[in-house]
Amino acid sequence: MTLADVGRVSEIRVRGWQRAYRGLMPQAYLDALSVAEDAERRRAGFGRGRPGVVNLVAERAGTVVGWAALGPCRDSEVRTPDAELYALYAAVDHFGTGVGRALLGEAARRAEALGHPAMRLWVLRDNLAARRFYARAGLPADGAEESFEVAGVAVPEVRHGGGLPLKRP
């Protein structure tokens, strides 16, 4: 990912949240998400990233159609050697076309190259399509759950991966 990709990545992320999380978190919050504000935050932090964090984009015909971010696992106060997939999004008009599988495969390759023995990620508990996608890729739910707050509403997440060896989707 380059600085020039930030605007498109923000568009993919915000539109992805608005579509995938409809009914899973407050609609007013989703409606208020701004591509411009997300891009501004992303540009401000670009180049000041944390060590070991990798941002990837997928392109088709010269257009960014997906984004993934991974880095050291942030799960607990005790750090593990595992990687964490922080984000994986395909452009809405590219859902089901293999963009997510390709990004996940490349994220796994990068994590392995960085010396991570496994990958973990957090998924909204009720985002069943995403949970099936990760389970098919060899990253099943491991039983850990936690919630975060969005506009005063608790949104439960489930951890996938559980320290299992990386597998390709």
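Residues numbered from 1 in each chain as written. Predicted model: local features only at pLDDT ≥ 70, side-chain atom pairs only at ≥ 80, totals over all residues. Heavy atoms only, no water.

1. Brief notes about the nonpolar core
Thinking step 1. By size, the foremost hydrophobic cluster in this structure holds 24 residues, and its most contacted members are Leu 70, Leu 85, Leu 88, Leu 103, Leu 104 and Tyr 134.
Thinking step 2. For this core, the secondary structure elements donating two or more residues are strand S1 (54-60), strand S2 (63-72), strand S3 (83-90), helix H4 (99-113), strand S4 (119-124) and helix H5 (128-136).
Thinking step 3. Per-element tally for this core: the top contributor is H4, with 6 residues.
Thinking step 4. With near-sequence residues (within four places) excluded, Leu 103 lies in contact with Leu 56, Val 57, Ala 58, Gly 66, Trp 67, Ala 68, Leu 88 and Tyr 89.
Thinking step 5. Judged by nonpolar contacts, the second largest core, of 18 residues, contains Val 14, Leu 30, Leu 33 and Val 150. (Core = buried A, V, L, I, M, F, W, Y, C linked by side-chain atoms within 4.5 Å. Buried < 20%, exposed > 50% of the residue type's maximum accessible area, 1.4 Å probe, protein only. Helix = DSSP H or I, 4+ residues; strand = E, 2+ residues; numbered from the N terminus. Contact = heavy atoms within 4.5 Å.)

2. Brief notes about the packing of aromatic side chains
Thinking step 1. A complete count under the given rule lists 4 aromatic pairs for this structure.
Thinking step 2. Ring plane angle 75° and centroid distance 5.1 Å describe the contact between Phe 133 and Tyr 134, whose orientation is recorded as edge-to-face. Just as Phe 133 is buried, Tyr 134 falls in that class too.
Thinking step 3. Among the aromatic residues, ring-to-ring pairing joins Trp 17, Tyr 21 and Tyr 29 into one connected group. (Phe/Tyr/Trp six-rings, centres within 6.5 Å; stacked < 30°, edge-to-face > 60°.)

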